[in-house]
Amino acid sequence: MTFLNASSHTPVTRTSVTRTPVTPTVAKRQHRLGMLPLGALLGTLFIATSQADVLPLDRSEQQRLGVEFSTLTTLAQLPLAVLPGSTAVSEHQRQQLMMPFEARVEQWLQAPGQHIDAGQPLLQLHSHETLAFLQSHQRLLQNTRLCHQRLTYLKDRQNSGLSSRLDVEEKSLECQQLDDNVSSNQQVLAHLPADWHNTHEAEFTLKSSSSGWLMTLYQQPGQIANPADGLAEFWPDSALAILVEMPAHLASQLQPGQSLNVQDSHTTVSQAARVLRIEQRISVTGQYRVWLQLTEGKPIPGQRWQVTIPSSQTGWTVPAAARVRANGQSWVFLKQGDQVEPVAIVPIAEGAGQLLLTPTDLPAEPTLAIRGTAALMSYWQASSEGDE
């Protein structure tokens, strides 16, 4: 790691450090310093802050160069990436509104893309098949009750010797068949609203069983919907989540329950969201699908988000503009009082337009040049040439 020495033309070599040639432009300000690793792999920045000559920089010179400094106070995680996401519902949680009988769509009472409260009417239907089924079921219930009453009467007569055992068995078999028919009908009734069960008209109003969003209409007014045809697609509020597709190396950084920062792309309001699940199967784009749930509030279908994927490293995040390239290396400028010192950094850890500085061997609250670093490096090099 190299610092520029403004006071000597001779490189200064410190213990256990290999001499590295530099260009004549900066040779006048070179110090040889030890290089301390502050991290490893992606998300880590290496910095040395040993003794070095510094460059005086008063306020007027700072303004002339357009240099801006920032004091690093809050430790954070380096964003590895900021990915687009959208509010959606997984395929197996989307609901299909269907009728078990043939029905004609009379009128949609809600528009697609509209939020629906539980119990709110969705559409008007006309179905003679449904009415015929409901009426036949009522007659079936009456016949079943009469059958069981008759069976009880025959059993009493059998005990008195007035009815044969065969009469009782025949009536028992008849009642059993009626009971089976009632059970079969009840399975169909379970898919029909309770307020339809005792109706006497062929007009039916389908209401929402839960709160959510009416998304796609499959049938228009006047069309006949067969039992196998869906009427519409419905997204329940409880299933809404933020879907983010990402490559495997980013998905491996996450785990269920982890909290992430998400930002509404329209309002730029940031919120917290937790990882619901990471789908192991690869999507058609060759990426993993990660589902997030807002910790507060309810998302809207199709709502766009910017999702920040953090690294595992913690440090000070600074704009990438704090880095400047010179002499084949990357540098940052640290400020102490009215003086600044350039520090060579290897390698650069960068994600989502930010750098991460780890706190090892840095002052408690270091001040770093975050703007005007290119002008500051030119000023430093010009000062170096002036010393020759």
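Residues numbered from 1 in each chain as written. Predicted model: local features only at pLDDT ≥ 70, side-chain atom pairs only at ≥ 80, totals over all residues. Heavy atoms only, no water.

Caption draft 1: Main features of the overall build of the protein chain. The helix and strand inventory of the protein chain stands at 6 helices and 24 strands. When the accessible surface of the protein chain is split by element, carbon and sulfur atoms take 49% of a total near 20,100 Å². (Helix = DSSP H or I, 4+ residues; strand = E, 2+ residues; numbered from the N terminus. Areas by Shrake-Rupley, 256 points an atom, 1.4 Å probe, with all protein chains shown as cover.)

Caption draft 2: Spatial organisation of helix α4 (residues 165–189). For α4, spanning 25 residues, the distance from its first C-alpha to its last is 36 Å, which sits close to the expected 36 Å at 1.5 Å a residue. In this structure, the buried side of α4 is in contact with α3 (128–159). (Expected span 1.5 Å × (residues − 1). Contact = heavy atoms within 4.5 Å.)

Caption draft 3: View of the nonpolar core. Within the largest apolar cluster, 25 residues are counted, with the highest numbers of intra-cluster contacts made by W108, L123, L125, W196 and L231. Among the secondary structure elements, those contributing two or more residues to this core are β7 (103–108), β9 (121–126), α3, β10 (203–207), β11 (212–217) and β13 (230–236). Those residues in contact with W196 that sit more than four places away from it in its chain are M99, L125, T130, L134, F204, T205 and L206. With 20 residues, the next largest nonpolar core counts L80, A81, I242 and V290 among its residues. (Core = buried A, V, L, I, M, F, W, Y, C linked by side-chain atoms within 4.5 Å. Buried < 20%, exposed > 50% of the residue type's maximum accessible area, 1.4 Å probe, protein only.)

Caption draft 4: Structural context of unusual backbone geometry. One non-glycine residue with positive phi stands out, namely T268, at about 60°. When you line up the elements, T268 lands in the loop between β15 (259–264) and β16 (270–282).

Caption draft 5: Layout of the layout of surface pockets. Approximately 380 Å³ is the volume found for the largest pocket. What lines the largest pocket is a set of 18 residues, and nearest its centre among them are L97, H191, L206, K207 and S209. For the lining of the largest pocket, the elements supplying multiple residues, two or more each, are β6 (95–98) and β10. Counting residues per element, the lining of the largest pocket draws most heavily on β6, which supplies 4 residues. Tallied by class, the residues present in the lining of the largest pocket amount to 11 nonpolar, 6 polar and 1 charged. (1 Å grid on protein atoms, 1.4 Å probe; cavity = no way out; pocket = protein on both sides within 12 Å on 5 of 7 lines; lining within 4 Å. Points joined across faces, edges and corners; volume = space filled by probe spheres on them. Nonpolar A, V, L, I, M, F, W, Y, C, P; charged D, E, K, R; others polar.)

Caption draft 6: Structural detail: the sheet that holds strand β8 (residues 114–116). On the basis of which strands lie adjacent, the open sheet formed by 4 strands has the order β6-β13-β11-β8 and antiparallel pairing. The outermost strands of the open sheet, each flanked by one partner alone, are β6 and β8. Taken pair by pair, the neighbouring strands of this sheet meet at an average axis angle of 40°, ignoring direction. In terms of strand pairing, β8 meets β11 through 3 bridges, oriented antiparallel. Looking across to β11, one finds that H115 is bridged to W213. (Pairing = 2+ DSSP bridges. Axes fitted to C-alpha atoms, helices over the stretch in contact; angles between N-to-C directions.)

Caption draft 7: How the structure looks around the side chain of T373. Inspection of the secondary structure assignment puts T373 in helix α6 (residues 373–386). Here T373 falls in the buried class, since its relative accessible area comes to 4%.

Caption draft 8: Fine view of α3. Here α3 contains 32 residues, and its C-alpha end-to-end distance of 47 Å stays within 8% of the 46 Å for a straight helix at 1.5 Å per residue. Buried within α3 we find T130, L131, F133, L134, H137, L140, T144, C147, L151 and L154. Buried residues along α3 sit in contact with α4 and β10.

Caption draft 9: View of the sheet that holds β9. Strand order in the open sheet formed by 4 strands is β10-β9-β7-β12, with antiparallel pairing between adjacent strands. Only two strands of the sheet have a single partner each, and these edge strands are β10 and β12 (224–225). Strand direction decides the pairing type here: β9 and β10, joined by 5 bridges, are antiparallel. In the sheet register, Q124 faces β10, and the bridge partner there is T205.

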